[in-house]
Amino acid sequence: MPPAKSSFVCLPCRASYKQPGGGEEPRRCPRCAGTLVHAGAAFAAPRRRDTAAWRTLSVLLNAGVRFHMGCSTGSGYRPRTLSEVKERMVHAERMGEPFASALVRPELP
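Described in the following lines is the structure provided in the data block. (Residues numbered from 1 in each chain as written. Predicted model: local features only at pLDDT ≥ 70, side-chain atom pairs only at ≥ 80, totals over all residues. Heavy atoms only, no water.)

### Details of the overall build of the protein chain
Counted only if it meets this: Every helix listed is a DSSP run of H or I at least four residues long, and every strand listed is a run of E at least two residues long, numbered separately from the N terminus. Relative accessibility thresholds used throughout: buried, under 20% of the residue-type maximum; exposed, over 50%; partly exposed, between the two (1.4 Å probe, protein chains only). A contact between two residues is defined here by any heavy atoms of the two lying within 4.5 Å. In short, Shrake-Rupley with a 1.4 Å probe defines the accessible areas, and a residue's cover is counted only from the protein chains shown.
If you tally the helices and strands in the protein chain, you get 3 helices and 3 strands. Along the protein chain, helices and strands appear, N-terminal first, in the series β-β-β-α-α-α. Within the protein chain, buried positions represent 31% of all 109 residues. Pairs at least 24 apart in sequence give 44% of the contacts found in the protein chain among residues at least 6 apart. Carbon and sulfur atoms make up 54% of the accessible area of the protein chain, which amounts to about 7,000 Å² in all.

What follows is the structure, given as structure tokens:
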């Protein structure tokens with residue numbers, strides 16, 4: 001059985017690459033030679049022209065949120081717009097909640 005593939009993202013190039021293995025060793029972008037970020041197996045890249053989606057994705061990946069497969073739910077909730085990210089950012093600051101856990105919360109109280 002071949003090894004499972006996972007997505008690795010280059011944020012400056014707005015490119016995603018499926019590669020075997022996990023995120024143990026640093027990987028390089030074939031376009032710019034920058035470091036690729038391990039996004040997870042359930043990741044689906046936005047279109048390259050969609051700058052708002054790539055900004056949102058950048059915030060998520062830099063906060064440590066990844067797109068790994070769950071048993072039956074997939075990777076779970078992830079914000080899709082910058083307004084959703086900002087809303088969760090404000091909530092995290094008010095409640096003293098870690099930013100990464102506020103980002104993956106499906107609903108705010």
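### Here we look at the side chain of S7
Along the chain, the position of S7 falls in strand β1 (residues 5-10). Beyond its immediate sequence surroundings of up to four residues, S7 is in contact with S16, Y17, K18, V37, H38, A39, G40 and F43.

### Here's the deal with unusual backbone geometry
Backbone geometry at R14 places phi at a positive 55°, although glycine is not the residue there. Residue placement: R14 occurs in the loop between β1 and β2 (15-20). Assessed through its relative accessible area of 29%, R14 is described here as partly exposed. Phi angles above zero are rare outside glycine, and A33 is one such case at about 65°. Examined against the element boundaries, A33 turns out to sit in the loop between β2 and β3 (37-40).

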